[in-house]
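Survey of secondary and tertiary structure
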Amino acid sequence: MGRKNVSFGKKEVQAKNEKKRKDKEQKRLDRKQQTRDGNNLDDMIAYVDQYGNITSTPPDLTQKEEINVEDIAIGVPRNVVSDVDEKIRKGVVTFFDNSKKFGFIKDTANGQDIFVHVNGLLESVTENDKVTFEITKGLKGFNAINVKIDRDITNAQQ
(Lines give C-alpha, C1' and ligand atoms only; values in the text may rest on other atoms or scores of the structure.)
Protein backbone atom coordinates (compact mmCIF):
# COMPACT_ATOMS: atom_id res chain seq x y z
CA MET A 1 0.00 0.00 0.00
CA GLY A 2 0.95 3.53 -0.37
CA ARG A 3 2.19 6.12 1.98
CA LYS A 4 -0.12 8.39 3.87
CA ASN A 5 -0.54 11.69 2.04
CA VAL A 6 0.71 14.17 4.59
CA SER A 7 2.28 17.31 3.28
CA PHE A 8 5.23 19.08 4.86
CA GLY A 9 2.98 21.96 6.03
CA LYS A 10 0.63 19.59 7.84
CA LYS A 11 3.54 17.89 9.58
CA GLU A 12 4.81 21.27 10.76
CA VAL A 13 1.41 22.26 12.15
CA GLN A 14 1.06 18.94 13.96
CA ALA A 15 4.56 19.27 15.42
CA LYS A 16 3.84 22.83 16.56
CA ASN A 17 0.57 21.81 18.23
CA GLU A 18 2.30 18.88 19.96
CA LYS A 19 5.04 21.19 21.23
CA LYS A 20 2.43 23.68 22.61
CA ARG A 21 0.65 20.85 24.39
CA LYS A 22 3.89 19.62 25.98
CA ASP A 23 4.91 23.15 27.02
CA LYS A 24 1.52 23.74 28.61
CA GLU A 25 1.76 20.46 30.53
CA GLN A 26 5.30 21.34 31.67
CA LYS A 27 4.18 24.78 32.94
CA ARG A 28 1.31 23.18 34.83
CA LEU A 29 3.69 20.73 36.50
CA ASP A 30 6.12 23.58 37.36
CA ARG A 31 3.36 25.60 39.01
CA LYS A 32 2.24 22.59 41.00
CA GLN A 33 5.83 21.95 42.12
CA GLN A 34 6.36 25.60 43.16
CA THR A 35 3.29 25.60 45.40
CA ARG A 36 4.71 22.55 47.18
CA ASP A 37 8.18 24.13 47.50
CA GLY A 38 7.17 27.02 49.74
CA ASN A 39 5.11 29.55 47.81
CA ASN A 40 2.47 29.78 50.47
CA LEU A 41 -0.14 32.43 51.20
CA ASP A 42 2.22 34.59 53.29
CA ASP A 43 4.50 35.11 50.29
CA MET A 44 1.60 36.33 48.19
CA ILE A 45 0.10 38.86 50.65
CA ALA A 46 0.58 42.57 50.01
CA TYR A 47 0.03 45.30 52.61
CA VAL A 48 -1.05 48.92 52.27
CA ASP A 49 0.84 51.47 54.34
CA GLN A 50 -0.56 54.62 55.93
CA TYR A 51 0.02 56.60 52.73
CA GLY A 52 -1.80 54.12 50.49
CA ASN A 53 1.32 52.52 48.97
CA ILE A 54 1.50 48.74 48.51
CA THR A 55 4.34 47.10 50.46
CA SER A 56 5.45 43.56 51.28
CA THR A 57 6.10 44.30 54.98
CA PRO A 58 3.25 44.15 57.48
CA PRO A 59 2.33 47.39 59.29
CA ASP A 60 3.71 48.20 62.73
CA LEU A 61 0.83 47.68 65.15
CA THR A 62 2.39 49.90 67.82
CA GLN A 63 1.82 52.94 65.58
CA LYS A 64 -1.80 52.03 64.94
CA GLU A 65 -4.13 54.99 65.29
CA GLU A 66 -7.69 54.59 66.59
CA ILE A 67 -10.31 56.31 64.45
CA ASN A 68 -13.78 57.20 65.61
CA VAL A 69 -16.34 55.96 63.08
CA GLU A 70 -18.57 59.02 63.59
CA ASP A 71 -15.72 61.32 62.47
CA ILE A 72 -15.62 59.81 58.97
CA ALA A 73 -17.37 62.01 56.39
CA ILE A 74 -18.36 60.21 53.21
CA GLY A 75 -19.21 63.38 51.29
CA VAL A 76 -19.28 67.09 51.83
CA PRO A 77 -22.81 68.47 51.96
CA ARG A 78 -23.42 71.60 49.95
CA ASN A 79 -25.03 74.71 51.39
CA VAL A 80 -24.86 73.76 55.03
CA VAL A 81 -26.41 76.34 57.31
CA SER A 82 -24.17 76.50 60.37
CA ASP A 83 -26.29 78.62 62.71
CA VAL A 84 -29.76 77.13 62.63
CA ASP A 85 -30.72 78.92 65.85
CA GLU A 86 -30.22 82.31 64.25
CA LYS A 87 -33.52 82.97 62.48
CA ILE A 88 -32.91 86.41 61.00
CA ARG A 89 -29.74 86.72 58.94
CA LYS A 90 -27.98 89.65 57.33
CA GLY A 91 -26.47 89.79 53.88
CA VAL A 92 -25.80 91.75 50.70
CA VAL A 93 -27.69 91.38 47.43
CA THR A 94 -24.99 90.34 44.95
CA PHE A 95 -27.29 89.88 41.95
CA PHE A 96 -30.93 90.55 41.23
CA ASP A 97 -32.67 90.43 37.83
CA ASN A 98 -36.04 92.20 37.90
CA SER A 99 -37.10 90.81 34.51
CA LYS A 100 -36.48 87.20 35.60
CA LYS A 101 -37.58 87.92 39.18
CA PHE A 102 -34.75 86.18 41.04
CA GLY A 103 -31.34 86.89 42.49
CA PHE A 104 -28.75 85.92 45.09
CA ILE A 105 -27.85 87.19 48.53
CA LYS A 106 -24.40 86.64 50.06
CA ASP A 107 -24.76 85.81 53.74
CA THR A 108 -22.35 87.93 55.79
CA ALA A 109 -22.01 85.27 58.50
CA ASN A 110 -20.62 82.47 56.33
CA GLY A 111 -20.21 83.92 52.81
CA GLN A 112 -22.75 81.53 51.33
CA ASP A 113 -24.82 82.54 48.28
CA ILE A 114 -28.53 82.06 48.88
CA PHE A 115 -31.20 82.11 46.19
CA VAL A 116 -34.00 84.69 46.47
CA HIS A 117 -37.18 84.89 44.39
CA VAL A 118 -39.38 87.95 44.05
CA ASN A 119 -42.08 86.10 46.05
CA GLY A 120 -39.70 86.09 49.04
CA LEU A 121 -39.27 89.89 49.01
CA LEU A 122 -41.14 92.16 51.40
CA GLU A 123 -39.85 95.25 49.57
CA SER A 124 -38.00 95.76 46.29
CA VAL A 125 -34.23 95.38 46.35
CA THR A 126 -31.36 96.18 44.02
CA GLU A 127 -27.78 94.96 43.83
CA ASN A 128 -25.46 95.89 46.73
CA ASP A 129 -28.41 96.47 49.11
CA LYS A 130 -27.80 95.31 52.68
CA VAL A 131 -30.76 93.15 53.67
CA THR A 132 -32.14 90.98 56.44
CA PHE A 133 -33.78 87.66 55.60
CA GLU A 134 -34.76 84.20 56.80
CA ILE A 135 -33.73 80.89 55.27
CA THR A 136 -35.91 77.98 54.19
CA LYS A 137 -34.96 74.72 52.53
CA GLY A 138 -36.11 74.64 48.90
CA LEU A 139 -36.04 71.93 46.24
CA LYS A 140 -32.51 72.74 45.04
CA GLY A 141 -31.03 74.32 48.16
CA PHE A 142 -31.66 77.16 50.56
CA ASN A 143 -33.98 80.04 49.70
CA ALA A 144 -34.21 83.46 51.30
CA ILE A 145 -37.67 84.61 52.42
CA ASN A 146 -39.00 87.71 54.19
CA VAL A 147 -36.23 89.77 52.57
CA LYS A 148 -36.21 93.44 53.45
CA ILE A 149 -33.66 96.23 53.37
CA ASP A 150 -31.77 96.51 56.66
CA ARG A 151 -32.70 99.96 57.94
CA ASP A 152 -30.24 99.83 60.89
CA ILE A 153 -27.22 99.59 58.57
CA THR A 154 -28.45 102.24 56.10
CA ASN A 155 -29.27 104.72 58.90
CA ALA A 156 -25.89 104.15 60.55
CA GLN A 157 -24.06 104.88 57.30
CA GLN A 158 -25.84 108.23 56.80
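Here's a quick rundown of the structure.

Calculation notes
Residues numbered from 1 in each chain as written. Predicted model: local features only at pLDDT ≥ 70, side-chain atom pairs only at ≥ 80, totals over all residues. Heavy atoms only, no water. Patch = residues over 30% accessible without salt bridge, like charges linked within 9 Å, V, L, I, M, F, W, Y side chains within 5 Å. Areas by Shrake-Rupley, 256 points an atom, 1.4 Å probe, with all protein chains shown as cover. Salt bridge = Lys/Arg side-chain N within 4 Å of Asp/Glu carboxyl O. Helix = DSSP H or I, 4+ residues; strand = E, 2+ residues; numbered from the N terminus. Buried < 20%, exposed > 50% of the residue type's maximum accessible area, 1.4 Å probe, protein only. 1 Å grid on protein atoms, 1.4 Å probe; cavity = no way out; pocket = protein on both sides within 12 Å on 5 of 7 lines; lining within 4 Å. Points joined across faces, edges and corners; volume = space filled by probe spheres on them. Nonpolar A, V, L, I, M, F, W, Y, C, P; charged D, E, K, R; others polar. Pairing = 2+ DSSP bridges.

1. A look at a nonpolar patch on the surface
On the surface, a cluster of nonpolar side chains totalling about 390 Å² of accessible area is made up of Ile 67, Ile 72 and Ile 74. Structurally, Ile 67 is set in the loop between strand 2 (54-55) and strand 3 (89-97). Using a relative accessible area of 59% as the deciding quantity, one classes Ile 67 as exposed.

2. Describing the layout of surface pockets
In this structure, the largest pocket encloses a volume near 350 Å³. Along the walls of the largest pocket sit 14 residues, with Asp 49, Gln 50, Pro 59, Asp 60 and Gln 63 positioned nearest its centre. Partitioned by chemical class, the residues of the lining of the largest pocket number six nonpolar, four polar and four charged.

3. Focus on the pattern of salt bridges
Side chains bearing opposite charge may pair, as long as their charged atoms lie close to each other. Per the counting criterion, the structure on display carries six salt bridges. Residue Glu 18 is joined to Arg 21 by a salt bridge in which the shortest nitrogen-to-oxygen separation is 2.3 Å. Of this pair, Glu 18 and Arg 21 both sit in helix 1 (residues 8-36), three residues apart, roughly one helical turn. According to the relative accessible area criterion, Glu 18 is partly exposed, its value standing at 33%. The residue Lys 90 makes a salt bridge to Asp 150 at a minimum N-O spacing of 3.7 Å. Placement of Lys 90 in strand 3 and of Asp 150 in the loop between strand 7 (142-149) and helix 3 (151-157) is noted, with a sequence separation of 60 residues between them. Its relative accessible area of 40% is what places Lys 90 among the partly exposed residues. Residue Asp 150 is classed as buried on the basis of its relative accessible area, which comes to 4%.

4. Here's the deal with the pairing of strand 4 (residues 102-107)
When a strand is regular, its side chains alternate between the sheet's two faces. With burial as the criterion, only one face of strand 4 is covered, namely that bearing Gly 103, Ile 105 and Asp 107; the residues Phe 102, Phe 104 and Lys 106 on the opposite face remain uncovered. As paired strands, strand 3 and strand 4 are joined by six bridges and run antiparallel to one another. Bridge pairing in strand 4 places Val 92 opposite Lys 106. Between the end of strand 3 and the start of strand 4, which pair antiparallel, lie four residues, with Lys 101 showing a positive phi angle near 65°.

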